[in-house]
Amino acid sequence: MKVAVMGTGHVGLVTCVAFASIGHDVTGTDVDAEKIDALRRGVSPFYEPGLDDALVREIASGRLSFTLEASEALRGAEAVFICVGTPARADGEANLLAMELSASAIARHGGDGAVVVEKSTVPAGTADRVRLTLLREGDGRTFHVASNPEFLREGTALNDSLEPDRIVIGVESERGLDVLRRLYEPIIHSGARLIVTDIRTAELAKHASNAFLAMKISFANALARLCERTGADVTAVADVMGADPRIGRAFLNAGLGYGGYCFPKDVAALERLGARLGYTFTLLQEVARLNEESVEAAAGMVEEALWNLGDKRIALLGLAFKAGTDDVRFSPALALARRLLASGAHVIGYDPRATRAAKEDLPELELASDPYEAASGAHCLVVATEWEEFRSLNLPALHELMAYPVIVDGRNLLDPAEVGGAGFWYYPMGRPPVLQDGSPSSNVERRPTGERTAALGPVEIAG
Ligand code: UGA
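Numbers given to residues run from 1 along each chain, matching the order in which its sequence is written. Owing to the predicted nature of the model, reporting of local features is limited to residues with pLDDT of at least 70; listing and counting of side-chain atom pairs is limited to 80 or more, with chain, interface and lining totals taken over all residues. For the side-chain quantities, the full set of heavy atoms in the structure was used; hydrogens and water were omitted.

(A) Looking closely at the overall build of the protein chain. Scanning the protein chain for helices and strands turns up 19 helices and 14 strands. Atoms considered for the radius of gyration are the C-alpha atoms alone. The globule rule reads 2.2 Å times the number of residues to the power 0.38. Over its C-alpha trace the protein chain gives a radius of gyration of 24 Å, about what one expects of a compact globule, namely 23 Å for 463 residues. Evaluated residue by residue, the protein chain yields a buried proportion of 53% over its 463 residues. Pairs at least 24 apart in sequence give 70% of the contacts found in the protein chain among residues at least 6 apart. Working definition: helices are DSSP H or I runs of at least four residues, strands are E runs of at least two. Numbering for both runs from the N terminus. When a residue's accessible area, from a 1.4 Å probe over protein chains only, is under 20% of the maximum for its type it is buried; when over 50% it is exposed; and in between it is partly exposed. Contact definition: two residues touch when any of their heavy atoms are within 4.5 Å.

(B) Spotlight on the site of the ligand. Summary of the distance rule: residues count as near a molecule or strand when at least one heavy atom falls within 4 Å of that molecule or strand. Taken together, 21 residues surround the ligand, and among them Phe 151, Leu 152, Glu 154, Lys 206 and Asn 210 come closest. Definition of a polar contact: a pair of N or O atoms within 3.5 Å, with one able to donate and the other able to accept a hydrogen when the atoms are protein atoms, and with sequence-neighbouring residues admitted only if both atoms are side-chain atoms. The backbone of Glu 154 places a nitrogen or oxygen atom 2.7 Å from an oxygen atom of the ligand. At 2.9 Å from an oxygen atom of the ligand is found a main-chain nitrogen or oxygen belonging to Asn 253. Coverage of the ligand by the protein chains reaches 92% of its 720 Å² of free accessible surface. The protein chains shown are the only cover counted for residues, whose accessible areas, like all others here, come from Shrake-Rupley with a 1.4 Å probe.

(C) Looking closely at the side chain of Asp 351. Positionally, Asp 351 belongs in the loop between β10 (346–350) and α14 (355–361). Positive: Lys, Arg. Negative: Asp, Glu. His and the chain ends are not part of the count. Between Lys or Arg on one side and Asp or Glu on the other, a salt bridge is scored when a side-chain nitrogen of the former is within 4 Å of a carboxyl oxygen of the latter. This buried residue, Asp 351, is left without a salt bridge; Arg 353 holds the nearest opposite charge, at 7.1 Å. A polar atom in the side chain of Asp 351 sits 2.9 Å from the backbone nitrogen of Ala 320. A polar contact of 2.8 Å, which involves the side chain of Asp 351, links it to the backbone nitrogen of Arg 353. Contacts of Asp 351, omitting those with residues within four sequence positions, involve Gly 318, Leu 319, Ala 320 and Trp 387.

(D) Layout of the nonpolar core. Residues grouped as a nonpolar core are buried Ala, Val, Leu, Ile, Met, Phe, Trp, Tyr and Cys residues, joined through side-chain atoms within 4.5 Å. Among the nonpolar cores identified, the biggest contains 56 residues, and Val 302, Ile 314, Leu 336, Leu 340 and Leu 381 are the most heavily contacted of them. Looking at this core, the element that brings in the most residues is helix α12 (residues 282–306), giving seven residues. Here Leu 381 is in contact with Ala 315, Leu 317, Ala 375, Leu 398, Met 402, Val 406, Ile 407 and Val 408, once residues within four sequence places are set aside.

(E) Molecular detail of the layout of surface pockets. Whether a set of points on the 1 Å grid over the protein atoms alone is a cavity depends on a 1.4 Å probe fitting there but being unable to get out, while an open set qualifies as a pocket with protein on both sides within 12 Å along at least five of seven lines; lining residues are those with an atom within 4 Å of a point. Grid points are joined across faces, edges and corners, and a volume is the space filled by probe spheres set on the points. Empty space within the second largest pocket amounts to approximately 450 Å³. Surrounding the second largest pocket, 22 residues form its lining, Leu 96, Glu 100, Thr 126, Arg 129 and Val 130 being those nearest its centre. Within the residue set of the lining of the second largest pocket, elements represented by two or more residues are α5 (97–109), α6 (126–137) and α11 (263–276). Sorting elements by how many residues they give to the lining of the second largest pocket places α6 first, with seven residues. Each residue gets one of three labels, nonpolar for Ala, Val, Leu, Ile, Met, Phe, Trp, Tyr, Cys and Pro, charged for Asp, Glu, Lys and Arg, and polar for the others, Gly among them. Grouping the constituent residues of the lining of the second largest pocket by class yields 11 nonpolar, four polar and seven charged.

(F) Summary view of the pattern of salt bridges. One pass over the full model with this rule turns up 29 salt bridges. Ionic pairing is found between Arg 276 and Glu 93, a salt bridge with its closest N-O pair at 3.2 Å. Note that Arg 276 is positioned in helix α11 and Glu 93 in the loop between β4 (79–82) and α5, a separation of 183 residues in sequence. Judged by relative accessible area, Arg 276 falls into the partly exposed class, the value being 49%.

(G) Geometry of helix α2 (residues 33–40). Among the residues making up α2, those that are buried are Ile 36, Ala 38 and Leu 39. End-on view of α2: buried residues confined to an arc of 160°, all on one side of the axis. Summarising the contacts, the buried residues of α2 are in contact with α1 (10–21), β2 (25–29), α3 (51–61) and β3 (64–67). N-capping of α2 is provided by Asp 32, with a side-chain oxygen placed 3.1 Å from the backbone N of Glu 34. This arc corresponds to the set of directions leading from the helix axis out to the C-beta atoms.

(H) Structural view of the packing of α6 against helix α9 (residues 199–230). Between α6 and α9, the shortest axis-to-axis distance is 9 Å and the interhelical angle comes to 130°. Taken as axis vectors, α6 and α9 run oblique relative to one another. Within the contact between the two elements, α6 uses Thr 126, Ala 127, Asp 128 and Arg 131 and α9 uses Ile 199, Arg 200 and Glu 203. Broken down by class, the residue content of the contact of α6 with α9 amounts to two nonpolar, one polar and four charged. Fitted lines through C-alpha atoms serve as axes, helices being fitted only where they are in contact, and the angles separating the N-to-C directions of these axes extend from 0 to 180 degrees. Here the angle decides the label: under 35 degrees means roughly parallel, over 145 means roughly antiparallel, 65 to 115 means roughly perpendicular, and every other value means oblique.

Written out as structure tokens, the structure is:
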């Protein structure tokens, strides 16, 4: 099938490559000339595992091309995917200008009978505006509007696209359903669940899914605050909760909280949508507040460990918003860096992929080229992103290099017994700290069972 994809950001580019790889004839278009230039040469503008190779392969197959001219991409396309950005406005509502511009271009250049598919995450009701724009600016051609939200995660995007848990199709016409069903046939055939709904339901389902996952994370982080005060271990609490299939263990990892280009903006956009329509979704306000509180909690731990932050050196391991990406947008690691810098500390950051992006976002950040350089002379090391390589740090070498042997584990990535055994003062999130002074600290006094739990190691659930 001939497919046009408007917008070649994370969702758009992965969509291009995924559709080409299942045999469709795909043209991607974007208003950013530099990006299109790079894509034509087979270079992805962002890091995504496996994407560069797949991009080169699909271009070489002749099934994938890129153009700056929307009219060229739209010519003869049976399905047009709108994958443009929907960033948050200052008031939290989604900025839908790029959606409108895309719809205008389709109205002018799209073919009669084309199915116009929203893939960008948009507030429920956006398709109505898209339809109106197509009607108002088209010259009598028929378009079929549909919603097909994307559930891919950065870092595993290609795989998520080609082997999704579910394909959600919101349609209002037989033609819309037929085209999308044919398009996804190979993926449906290999077992993905197809869910067909009306358009508003599909739009809302995407926002609801992201907001719910964010809520799970904020719930875990609120529990972490309670665990810190009771001496319980939030990781073990999450294991117990997650053993119930009605709850599920995923997205109950306490830490610095969620970041990235999706959860923060989608939680705000859903809350704002409710407010605009007369429903106050206070739960979502609280989800966002708890997320900010998580960064503050980590900063509090650094202060607890170091007393005064002025002129202290803090090594920050992980700057991306999560592992597996070079994306620093709304990164909790950078939010923590800002907070520590504001308190007078020197922050030396390291990330396997995101140092350049982090420096652009936060020029005050000093950068190191590996974890040991970052830790050299540091009074505290903070693990801020769950990169695999941080799990196997050489602890004795770090101990040797650092001014104080203090680790704040903002992602609960390290093994408390191992870190404690290497002589570190270890402060995880929502778990008992490991202290080396032999006397109960003010923290431990609030957590009478803390040290015992840490010594026992992670709780195992048999069966
Ligand atoms: C998220 C959703 O998971 C995707 O399904 C969705 O398609 C995507 O947004 C989107 O709307 O485009 P993504 O932002 O790539 O994907 O990242 P996630 O893996 O969901 O992680 C989001 C944030 O939550 C990260 O900062 C991560 O560190 C944090 N997180 C995740 C936690 O703090 N705790 C957890 O238990 C899980």
